Amino acid sequence: MTRTKRIENAYEAARQRYAELGVDADSAMETLSKTAISLHCWQGDDVGGFEKSEEGLSGGGIMATGAYPGKARTADELRADLEKALSLIPGSHRLNLHAMYAEAKEKVDRNELEPEHFAAWIDWARANGLGMDFNGTFFSHPKAQSGFTLSSADEGIRRFWVEHGIVCRKIGAAMGRELGTPCVTNMWIPDGSKDIPVDRKGPRQRLRKSLDEMFAEKMDRNCLLDAVESKLFGIGSECYVVGSHEFYLGYAIENKTLLCLDTGHFHPTEVVSDKISSVLTFLDEILLHVSRGVRWDSDHVVILSDELKELAAEIVRGGYLERVHIGLDFFDASINRVAAWVIGTRCMIKALLIAMLEPTQNLRRAEDAGDCTARLAMLEENKTLPFGAVWDYYCARQDVPVAENWLRDVRQYETEVTSLRTYAGK
């Protein structure tokens, strides 16, 4: 029996098992194929960017650890690495880009960026059938060295970052207009204090003022969706973050922006899955940045954890697929960077498929009847349903490698491409 036939036979048995529970596996795969994940460009070059400047500063909680050989040195190399990763991931997806990945012939500061500096990215996305999302880059810059950007008490610095936010919105709108799909343009700032501050109020008042100035120009929502992102703490802001969850939740509700929930930006005992239905009771849409924190916001590669599965389940159970924009946000420089993209993205898609195959109506009937015994029993039995057979069949139908076979492609790409890259001084 051929491998293809074995996959088909296993799927047919799984399809029948799910049908017994009232679940249409074919329909689940069809829905999944239309669900886009936004792949983050910064996994491929350790959050470096391509600015023509020797003044860039690390900090603001941004730190990729490890020195695995072969990271992208240019935008063309990064795009090639992304293409390889996308060829191994089922479905049609998006690209999530940071402002510091601009391509300019000469140095252009961040408050002077224009859509033309991202023309090559837009052309590449169009050629590959991808939508694009965008982020302002409020870190790794001399004017972020104090630890305060939009909330800075220095009016010159504050105004510089307001102007950066304004141009980022115009760039995002251009991306959405050119590609025919709204660009989610997200704003996260590292502002905060390493030790206990005296004045918590002042920076938050200045942040609100800055956001109001940034968002003053109304944009076509068919081209641009504004998002704001909170954080609990970061490197250098352990005791106080200006843009807290409560701050941005209030701002998003009042100003009708999207709220970005990053799964690594909360206390380790908090789970974002529990927040989704709460915030979507008051907001039209949200943005997810899916990461994996280990003891702190360490941005480990996403794995198929219980929380990832619960996150996907909340999205699917609530009928939120059209209201939740899913992006990834991790950067691991200790392993092959292309493999990191593939592992994390495939795990996010697996979690969504598991959620779509859940016999939710059966579970709801038990819950509505107050039969908590049946609910718990069914939830546990669901864990051994033949999801893997459906996943393999889905990958085969999408013409991407089944199971771990994608790793051979990555190894070959490493041998032929990334291992040949050399770096200054080496």
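To start, this report covers the structure provided alongside it. (Residues numbered from 1 in each chain as written. Predicted model: local features only at pLDDT ≥ 70, side-chain atom pairs only at ≥ 80, totals over all residues. Heavy atoms only, no water.)

This brings us to unusual backbone geometry. Even without being a glycine, lysine 256 presents a positive backbone phi close to 60°. Considering the arrangement of structural elements, one finds lysine 256 in the loop between helix H7 (245–255) and strand S8 (258–262). In this structure lysine 256 comes out as exposed when scored by relative accessible area, which is 65%. In this structure, aspartate 299 is a non-glycine residue whose phi angle is positive, near 55°. Here aspartate 299 is to be found in the loop between strand S9 (286–290) and helix H9 (306–317). (Helix = DSSP H or I, 4+ residues; strand = E, 2+ residues; numbered from the N terminus. Buried < 20%, exposed > 50% of the residue type's maximum accessible area, 1.4 Å probe, protein only.)

Moving on, we come to the nonpolar core. With 117 residues, the main nonpolar core has Leu97, Trp121 and Met348 as its most contacted residues. The residues contacting leucine 97, other than those within four sequence positions of it, are Cys41, Trp42, Phe118, Trp121, Met132, Asp133, Phe134, Asn135 and Met175. Val184, Ala227, Cys260 and Leu287 belong to the second largest nonpolar core, which has six residues in total. (Core = buried A, V, L, I, M, F, W, Y, C linked by side-chain atoms within 4.5 Å. Contact = heavy atoms within 4.5 Å.)

A few words now on the sheet that holds S9. The strand order around the closed barrel formed by eight strands is S1-S2-S3-S4-S6-S8-S9-S10, and the pairing between neighbours is parallel. Shown here is a sheet whose adjacent strand axes are inclined to one another by a mean of 30°, direction ignored. Direction of pairing for strand S1 (residues 37–40) relative to strand S2 (residues 94–98): parallel, over a ladder of three bridges. Note on S2: the bridge partner recorded for histidine 40 is asparagine 96. Contacts from helix H5 (residues 155–179) reach S2, strand S3 (131–135), strand S4 (183–187) and strand S6 (224–229), with the element oriented near 165° to S4. (Pairing = 2+ DSSP bridges. Axes fitted to C-alpha atoms, helices over the stretch in contact; angles between N-to-C directions.)

A few words now on the pairing of strand S10 (residues 324–328). For a regular strand, the rule is simple: side chains alternate between the two faces of the sheet. Of all five residues in S10, four are buried, a share of seventy percent or more. With two bridges joining them, S1 and S10 adopt parallel strand pairing. Bridging from a neighbouring strand, serine 38 pairs with glycine 327 of S10. When S9 meets S10, the two strands line up parallel, connected through five bridges. Along S10, the bridge assignment pairs isoleucine 286 with valine 324. With respect to chirality, the unit in which S9 leads through H9 into the neighbouring parallel S10 is right-handed. (Right-handed = clockwise from strand over helix to strand, strands pointing away.)

Moving on, we get to the packing of aromatic side chains. Within the structure shown, the criterion is met by ten aromatic pairs. Measuring from centroid to centroid gives 5.4 Å for phenylalanine 50 and tyrosine 101, while their planes differ by 85°, and the two rings are edge-to-face. Of this pair, phenylalanine 50 sits in the loop between S1 and helix H3 (75–86) while tyrosine 101 is found in the loop between S2 and helix H4 (119–127), placing the two residues 51 residues apart along the sequence. Each member of the pair, phenylalanine 50 as well as tyrosine 101, carries the same accessibility label: buried. Judged by centre distance (6.3 Å) and plane angle (40°), the rings of tryptophan 391 and tyrosine 394 are tilted. Taken together, the residues span about one helical turn, with tryptophan 391 and tyrosine 394 both in helix H13 (residues 387–397) at a distance of three residues. The class for tyrosine 394 is buried, based on a relative accessible area of 2%. A network of ring pairs unites the aromatic residues Phe138, Phe160 and Trp161 as a single cluster. (Phe/Tyr/Trp six-rings, centres within 6.5 Å; stacked < 30°, edge-to-face > 60°.)

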